[in-house]
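In case you want the letters, here they are:
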Amino acid sequence: MIGSGTAGSGVPHLDVDPFDMTFFADPYPTHERLREAGPVVYLDKWKVYGVARYAEVHAVLNDPATFCSSRGVGLSDFKKETPWRPPSLILEADPPAHTRTRAVLSKVLSPTVMKQVRDRFAEAAEARVDALLEKRSFDAIADLAEAYPLSIFPDALGLKPEGREHLIPYASVVFNAFGPPNQLRQEAIERSAPHQAYVAEQCQRENLAPGGFGACIHAQVDEGAITATEAPLLVRSLLSAGLDTTVNGIGAAVYCLARFPDQWQRLREDLTLARGAFEEAVRFESPVQTFFRTTTREVELSGARIGEGEKVLMFLAAANRDPRRWDKPDSYDITRRTSGHVGFGSGIHMCVGQLVARLEGEVMLTALARRVAKIEITGEPKRRFNNTLRGLDSLPVTITPA
Amino acid sequence: MPAITFIHPDGKSDRIETSGGESVMQAATRHGLDGILAECGGNAMCATCHVYVDESWLARLPAVADDEDALLDGAAAERLPNSRLSCQINITPELDGLVLRLPDRQV
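Nothing here was measured: the structure is a model prediction, and the numbers come from that model.

### Comments concerning the overall build of chain B
Part 1 of the argument: Across its full length, chain B carries three helices and five strands.
Part 2 of the argument: When the helices and strands of chain B are read in sequence order from the N terminus, they spell out β-β-α-β-α-α-β-β.
Part 3 of the argument: Taken against the 2.2 N^0.38 rule, which gives 13 Å for 107 residues, the C-alpha radius of gyration of chain B at 12 Å falls within 12% of a compact globule.
Part 4 of the argument: By principal-axis analysis of the C-alpha atoms, chain B measures approximately 30 × 30 × 25 Å.
Part 5 of the argument: Every one of the 107 residues in chain B was classed for burial, and the buried ones make up 50%.

Laid out in structure tokens, this is it:
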């Protein structure tokens, strides 16, 4: 029974495709089906195991020796297929190689660094809200969720002003590429050449302004922490995962606060809840929906036997709404104790930029709640489809000044 | 089971019964204690579970590792010689009676 592409006895087989457009449109009934079918399931469509309950998702994330990342964190197994781009030195790596590169990015994006950039990020959020109050009616995705991170993150990295329009499309390719060889992935990769060329160029030391996150990564070469050939690839990680994710995180928070006016009122009455309101939106919407791991040996997980070299799909979003772990999981509650949610992952690969994301989310929601009395959705929100990211393409709103 | 006392900035205190195999941070969040945020969930990344250890207990705790040391520099409240991250303190029977003071802010 055990072997490549077959599930051990007792593991329920499901015929769902979690990378299908109808699934993306409303993933919640399928998430429930996946959770309730068993602690470990098998998805025949893509010949992968799946975990959708909190306990198993958390367990897989926290056992990187058994559930490795170096064979790719998408469906593609790097041991069998050539990756579409040179693998990431941090995301698609295992200890001990990962430990060294991870330490470099942790240092560049540390709590100490966040203290230094905080005022700048907060001022940019105020400036963005100024502009939105002028407009009153706008698209909360393009004019807020995208415009705000674009106004600070590329500068914080130290990127040149030219060519920044490639950033979001490049990230979109990266996150589509984790998915199976469906139309989303194929088309994304086919169109990726100009974005890849831009990103490769910006990762070079001479193209990164002094004092920025990018230059700080290159400075680690002089410290002997990484080599000169590794540094550009680590800068690439920030370009891949540092922008589109926060766009979707902030978009999720605004979408939640616009949909649940009672939570918006609570935030307005107590601005110290802004950081929690953002964090809860990351749990509730889970902008990064899934990641894969690959087994390095035969393993038993909650009674299911999984062979070596099998892909395991972790449903982060389903774990974040698992009623076994969360009280009223389908409620957006800005006072919830969210510690332990897996929206940023968990364990050694947990989002290294999580502090940047929280800072952006907190200062933006604080600025909004201080100056805006009401956010009303004025048109049908449109969804943006991606194999890994969940977010909107447009969200028409009208705001009322406080 | 070892009990831990947390003293809040306003002087009020909470005594928490812990269970084996958890960190001080996990025990605190499991009891819904105000004052410990633990945004990263115990992955030594965020410095939002900062505590000040009562002087008499300091020497009885395991040493501060390099990553914890770096994170403490970024804690929101002032770093003091007795600052620790509570996610890095695993509860053992010897820590029964541990006294920790909470900082005025975690972010």
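Resuming the write-up.
### Regarding the sheet that holds strand S3 (residues 50–53) of chain B
All names here are of chain B.
Part 1 of the argument: If you walk across this open sheet you meet the five strands as S2-S1-S5-S3-S4, and the pairing is mixed. Because the sheet does not close on itself, it has two edges, and the strands there are strand S2 (13–17) and strand S4 (83–85). Strand-to-strand, the axes of this sheet are offset by a mean angle of 35 degrees, without reference to chain direction.
Part 2 of the argument: Alignment of strand S1 (residues 3–7) against S2, held across five bridges, turns out to be antiparallel. If you follow Ile-7 over to S2, its bridge partner there is Ser-13.
Part 3 of the argument: Against the sheet, helix H3 (residues 66–73) contacts S3 and S4, and its axis sits at roughly 115 degrees relative to S4.

### Some words on the interface of chain B and chain A
Part 1 of the argument: Across the boundary between the two partners, chain B contributes 21 residues, which contact 18 residues of chain A.
Part 2 of the argument: Here chain B packs against chain A, burying approximately 1300 Å² in sum over the two surfaces, 49% of which is carbon and sulfur.
Part 3 of the argument: Put simply, chain B and chain A have two salt bridges between them.
Part 4 of the argument: A:Arg358 is paired through a salt bridge with B:Glu39; the nearest N and O atoms lie 3.7 Å apart.

### Focus: the environment of A:Gly251
Residue and element names in this part refer to chain A.
Part 1 of the argument: With respect to the helices, strands and loops of the structure, Gly-251 is situated in helix H12 (residues 244–259).
Part 2 of the argument: Counting along the chain gives 143 residues from Gly-251 to Ser-394, while the straight-line C-alpha distance between them is 9.4 Å.
Part 3 of the argument: For Gly-251, the contacting residues outside a window of four places in its chain are Ile-141 and Ala-145.

What counts, and at which threshold
Residues numbered from 1 in each chain as written. Chains lettered and ligands numbered in written order. Predicted model: local features only at pLDDT ≥ 70, side-chain atom pairs only at ≥ 80, totals over all residues. Heavy atoms only, no water. Helix = DSSP H or I, 4+ residues; strand = E, 2+ residues; numbered from the N terminus. Rg over C-alpha atoms; globule rule 2.2 N^0.38 Å. Buried < 20%, exposed > 50% of the residue type's maximum accessible area, 1.4 Å probe, protein only. Pairing = 2+ DSSP bridges. Axes fitted to C-alpha atoms, helices over the stretch in contact; angles between N-to-C directions. Contact = heavy atoms within 4.5 Å. Buried area = accessible area lost by both parts, 1.4 Å probe. Salt bridge = Lys/Arg side-chain N within 4 Å of Asp/Glu carboxyl O.

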